[in-house]
Amino acid sequence: MSIKENLNSLKNQIPEHITLVAVSKTKPLEDILQAYNAGHRVFGENKVQEMVDKFHSLPNDIKWHMIGHLQRNKVKYIAGFVDLIHGVDNLKLLKEINKQGLKNDRVINCLIQIKIATEDSKFGMSINEAKKLITSEEFKNLENISIKGVMGMATFTDDKDQIQSEFQSLEKGFNELKISLENINTISMGMSGDYNIAIDSGSTMIRVGSSIFGSRQYQ
Ligand SMILES: *Cc1c(COP(=O)(O)O)cnc(C)c1O
């Protein structure tokens, strides 16, 4: 099936209130343009340089989401255009995003990455750490960032019950943070292999790559 067909069949399967982030990392401009020409506008990348290059080469009404781990010293390269940063997991990074937001005269949307997987390799904070962060004095002074919600990745496993319970824990954590941050509305969870479980568990935003663009080849 073509990228356009993959995209349309995916959109037909998911409820309308779910935002679909088409994860285009490693994929060439032509592939992204196929999705763009099919009407899609929200794309996710996990590397700063790749996202910057694609931003400069593609139509400027694309909404670019940074879904990968973001290093503090690279925030400045994307601060002028990024639509949403999914992987914020510490105050220092948030302060840098705020600083670059101020320089670019914009408020940068962010999600707090919560660690829900049992694997060691996954980034993210605990819900308690996130609570501490958003209720701290320092956080209140950050006027050029806006926390929109949370992001999480489930353990890479075939065990659907485990994936489901991890996603449910993210939804529960989101509701706890909502007590302090009333305006949050986004739960970014679900990828090609698990977006159905994520949607059943309360996801509002899924990040899907290979089911749209085909499998990735890493060099
Ligand atoms: C690559 C990636 C995805 C998409 O993965 P697929 O399995 O190809 O859908 C989603 N989220 C993050 C954070 C990723 O790095």
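Parameters at a glance
- Residues numbered from 1 in each chain as written.
- Predicted model: local features only at pLDDT ≥ 70, side-chain atom pairs only at ≥ 80, totals over all residues.
- Heavy atoms only, no water.
- Near = heavy atom within 4 Å.
- Polar contact = N/O pair within 3.5 Å; in protein donor to acceptor, adjacent residues only side chain to side chain.
- Areas by Shrake-Rupley, 256 points an atom, 1.4 Å probe, with all protein chains shown as cover.
- Nonpolar A, V, L, I, M, F, W, Y, C, P; charged D, E, K, R; others polar.
- Helix = DSSP H or I, 4+ residues; strand = E, 2+ residues; numbered from the N terminus.
- Buried < 20%, exposed > 50% of the residue type's maximum accessible area, 1.4 Å probe, protein only.
- Core = buried A, V, L, I, M, F, W, Y, C linked by side-chain atoms within 4.5 Å.
- Contact = heavy atoms within 4.5 Å.
- Lys, Arg positive; Asp, Glu negative; His and termini not counted.
- Salt bridge = Lys/Arg side-chain N within 4 Å of Asp/Glu carboxyl O.

Q: Let's hear about the site of the ligand: which residues, and what values?
A: If you check the shell around the ligand, you find V23, K25, I67, M151, M153, M191, S192, R207, V208, G209, S210 and R216 and nothing else. Between the ligand and K25, the relevant distance is 2.7 Å, taken from an oxygen atom to a side-chain nitrogen or oxygen of the residue. S192 is positioned with one of its side-chain polar atoms (N or O) 2.5 Å from an oxygen atom of the ligand. When the ligand is considered free in solution it has 390 Å² of accessible area, and contact with the protein chains removes 89% of it. Its residues placed into classes, the shell around the ligand shows 6 nonpolar, 3 polar and 3 charged.

Q: Break down unusual backbone geometry for me, citing the residues and quoting the values.
A: Excluding glycine, most residues fall at negative phi; most peptide bonds, likewise, are trans. Backbone geometry at T26 places phi at a positive 70°, although glycine is not the residue there. Residue placement: T26 occurs in the loop between strand 1 (19–23) and helix 2 (29–37). On the basis of relative accessibility, which here comes to 32%, the residue T26 falls in the partly exposed class. Backbone geometry at D105 places phi at a positive 55°, although glycine is not the residue there. As for its placement among the helices and strands, D105 is situated in the loop between helix 5 (91–103) and strand 5 (108–113). Note on D105: relative accessible area 70%, which makes it exposed.

Q: Outline the nonpolar core, listing residues and values.
A: By size, the foremost hydrophobic cluster in this structure holds 62 residues, and its most contacted members are I78, I85, L94, I97, F139, I147 and I212. Top contributing element to this core by residue count: helix 8 (residues 160–177), with 5 residues. When neighbours within four sequence positions are excluded, I147 is seen to be in contact with L94, C110, I112, F139, L181 and I184. Listed in part, the 6 residues of the second largest apolar core include V21, L84, L111 and M151.

Q: Run through the side chain of N144, naming residues and quoting values.
A: Along the chain, N144 falls in the loop between helix 7 (137–140) and strand 6 (145–151). Within the local environment of N144, its side chain forms a polar contact with the backbone oxygen of R106, the two atoms lying 3.1 Å apart. In this structure N144 touches N98, G101, L102, R106, V107 and I108, once residues within four positions along its chain are discounted.

Q: Before we move on, can you summarise the side chain of R207 with the specific residues and values?
A: Within the secondary structure, R207 sits in strand 8 (residues 205–208). No salt bridge forms around the buried R207; measuring N to O, its nearest opposite-charge neighbour D194 is 6.7 Å away. Among the polar contacts listed, one links the side chain of R207 to the backbone oxygen of G152, at a separation of 3.5 Å. Beyond its immediate sequence surroundings of up to four residues, R207 is in contact with V21, V23, I67, H86, M151, G152, M153, S188, M189, G190, M191 and S192.

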